[in-house]
Amino acid sequence: MPTNAPNQALMAEETTSNFPFVGWLRDVAPYIHSFREKTFVIAFAGELVQEIGLENLIEDIAMLHAMGMRIVLVHGIRPQIEEQLMLRKITSKFGKSALHSYRITDAAALECVKEAAGELRLDIEAAFSRGLPNTPMAGSRISVISGNFITAMPVGVVEGTDYIHTGLVRKVDSSSIRQSLDSNKIVLLSPLGFSPTGQAFNLAYEDVAASTAAALKADKLIFLSPYDGLKDAEGDFITEMSMAQLQDYVGQNKDMELGMKSLLNTSGRAIRAGVSRVHFLPCNQDGALLEELFTHDGIGMMLASSDIENLREANQDDVGGILQLTMPLEDEGILAARGQDVIERDIQRFSVIEHDRVLFGCAALFPFPNGVGELACLAVDPDVQGSGDGERLLKRVEMRAKQEGIKKLFVLTTRTEHWFLKRGFKRASVDDLPEERKQIYNWDRKSMVLTKDL
């Protein structure tokens, strides 16, 4: 026995040290399931290469690809163009409009654009080709394909300024891109396009990304840009916004940076064309892509056509998500045990709250005679407790109860009495329960009874 003691201690230490990783992996599993086979267009500004380099971003994208996500990668090259212009002692020239600041790309500048785009494209392809042992890219075997997927047209002459070889996206060869994605390849797009006559045009990478996402009806369009995020009236960064809220915000903030205003305008076009979500992340923060995708609060701002958080009635597709929320609480004795069969049977009695298609809370309402109802199975994901989801679910159940003619709610709880007391519930006894509920009261749990008049 004594000879085994050190091994037992070591096993206990390993179990403790590994637990945070196990917990994290379980937390991100719903996102992995949700994102599998989804199409993401990820666009990063050229400033990212200068700020943090390519290596970690490429490794993160390779990980997403390994999880089954279909990736189109779009890169910017503005600082790289500036470097090429400086080497050739050429002065940058820009023309401005109310929403854009376009580079005037003459023949000399176009050569710089080609040089910058070609060099960065090769660097990206090389980064995806790494497979050193003991690195995140080991054994990845990722194929990257790029080509003339973008048909361009000239900006032309705007307000008396001829932009020459500066262009706009005219058409995206979405069928060829889909074929490449179906073949398990990552598609890489540079901010260059070609006209049917063979002319090359310098494009904005934001335009390439948004147009591609729109053509593919992508599930997410993600920008890693150098622009600061949007702030509310209190000076806090905004994390979520609907199109209606964005329009109000832009209208109230006329002095917004032109680059950010252009990015928002381009993103709004993508949303209106059917892209589900647009994310705005800082390009100078390592790991921002993973933090945004696999945590509840994320790190940037998400734009959607309508409100991102959805509080609604449950359906059969939600049974698995409800079980993930309730089973840990049942194991701790906080909630009474309910099997999958019971939840499936009573699913119409549940309300759920979801965030970007992942369930984070649930609650159920069960009616009894004489205008009495039971609030049951109120559960919120531990990672978002304190965010107000529980209170929103309670209000939803109270609204449903009133619609069904219920005038008094009761709840049975073993540990959360004070939470309910703060929200208008009062202490009661088992004798105050409806007769049908009193007969199945579990005396072993000794749950406290609380009631609230509606």
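Note that the structure is predicted; figures quoted are calculated from it, not measured. Throughout, a residue's number is its position along its own chain's written sequence, starting from 1. Side-chain atom pairs in this predicted model are given and counted only at pLDDT of 80 or more, local residue features only at pLDDT of at least 70, and totals for whole chains, interfaces and linings cover all residues. To obtain the side-chain values, all non-hydrogen atoms of the structure were included, while hydrogens and water were left out.

Engineer: Got a minute to help me understand a negative patch on the surface in this structure?
Structural biologist: The patches reported here contain residues having more than 30% relative accessible area and no salt bridge. Joining distances are 9 Å for like charges and 5 Å for nonpolar side chains (Val, Leu, Ile, Met, Phe, Trp, Tyr). All accessible-area figures derive from a Shrake-Rupley calculation using a 1.4 Å probe, and residue coverage is judged against the displayed protein chains alone. Salt bridge, as applied in this entry: a Lys or Arg side-chain nitrogen positioned within 4 Å of an Asp or Glu carboxyl oxygen. Two residue types count as positive, namely Lys and Arg, and two as negative, namely Asp and Glu; His and chain ends fall outside the count. By convention, the charge on Lys lies at NZ, on Arg at CZ, on Asp at CG and on Glu at CD. A surface patch of negative charge is lined by E83, E115, E119 and D123. Under the scheme used here, helices are H or I runs from DSSP no shorter than 4 residues and strands are E runs no shorter than 2 residues, and both carry numbers assigned from the N terminus. The element contributing the most residues to the negative patch is helix α5 (residues 107-129), with 3 residues. Structurally, the position occupied by E115 is in helix α5.

Engineer: Please explain helix α9 (residues 258-272) as it appears in this structure.
Structural biologist: Since the α-helix advances by 3.6 residues per turn, residues separated by three or four positions end up pointing in the same direction. Taking 1.5 Å per residue as the helical rise, α9 with its 15 residues ought to reach 21 Å, and the 21 Å between its terminal C-alpha atoms agrees with that figure. Across the 15 residues of α9, 11 count as buried, placing the element largely inside the fold. Of all the positions in α9, only G259, M260, K261, S262, L263, L264, T266, S267, G268, A270 and I271 are classed as buried. Where the residues of α9 are buried, they touch α7 (205-216), β13 (220-225), α8 (243-252), β15 (277-282) and β16 (301-304). Directly beyond the C-terminal end of α9, a positive phi value near 115 degrees is found at G274. For a helix, the expected span equals 1.5 Å multiplied by the residue count minus one. The classification of residues rests on relative accessible area computed with a 1.4 Å probe and restricted to protein chains. Under 20% of the type maximum is buried, over 50% is exposed, and intermediate values are partly exposed. In what follows, residue pairs with any heavy atoms lying within 4.5 Å of each other are defined as contacts.

Engineer: What am I meant to see in the sheet that holds β15 here?
Structural biologist: The strands making up a sheet associate through backbone hydrogen bonding, with each pair oriented either parallel or antiparallel. A pair of strands is considered paired only if DSSP assigns at least 2 bridges between the two. The sheet built from 8 strands is open, its strands ordered β5-β10-β2-β1-β13-β15-β16-β14 with mixed pairing. Edge strands, defined here as strands with exactly one partner in the open sheet, are β5 (144-145) and β14 (240-242). Pairing of β15 with β16, which is carried by 4 bridges, proceeds in the antiparallel orientation. Within β16, the position partnered with F280 by the bridge is M301.

Engineer: When you look at the environment of G361 in this model, what are you seeing that I'm missing?
Structural biologist: By the secondary structure assignment, G361 is in strand β19 (residues 358-368). The buried category is assigned to G361, whose relative accessible area is 0%. Between the C-alpha atoms of G361 and L293, which are 68 residues apart in sequence, the distance is 19 Å. Discounting residues that sit within four places of it in the chain, G361 has contacts with L325, S351, V352, I353, A379, V380 and L393.

Engineer: Looking at this structure, I do not really get empty space enclosed by the protein. What am I missing?
Structural biologist: Sizing a probe to match a water molecule and rolling it over the atoms shows the empty space that remains. Here a cavity is any set of points on a 1 Å grid over the protein atoms alone where a 1.4 Å probe fits but cannot get out, and a pocket is any open set with protein on both sides within 12 Å along at least 5 of 7 lines; a residue lines the site when it has an atom within 4 Å of a point. Grid points are joined across faces, edges and corners, and a volume is the space filled by probe spheres set on the points. Taken as a whole, this structure holds 4 cavities of 30 Å³ or more when the rule is applied. In this model, the largest cavity occupies a volume close to 150 Å³. Lining of the largest cavity is provided by 16 residues; of these, E292, T295, H296, M302 and H355 occupy positions nearest its centre. For the lining of the largest cavity, the secondary structure elements donating two or more residues are α1 (5-35) and α10 (288-294). Lys, Arg, Asp and Glu make up the charged group, whereas Ala, Val, Leu, Ile, Met, Phe, Trp, Tyr, Cys and Pro make up the nonpolar group; the residues left over, Gly among them, are polar. Residue composition of the lining of the largest cavity, by class: 4 nonpolar, 7 polar and 5 charged.

Engineer: It is not clear to me how the pattern of salt bridges should be interpreted in this structure. Could you clarify?
Structural biologist: Charged atoms that come close allow side chains of opposite charge to pair. All told, the structure shown has 22 salt bridges when counted by the stated rule. R103 is the salt-bridge partner of E82, the closest N and O atoms lying 2.9 Å from each other. Here E82, found in helix α4 (residues 78-87), pairs with R103, found in strand β4 (residues 101-103); they are 21 residues apart in sequence, far enough to count as distant. Taking relative accessible area as the criterion, R103 reaches 7% and is therefore assigned buried. A salt bridge links R312 to D318; its shortest N-O distance comes to 2.8 Å. Residues joined by salt bridges that share partners form a network here, namely R312, D318 and E354.

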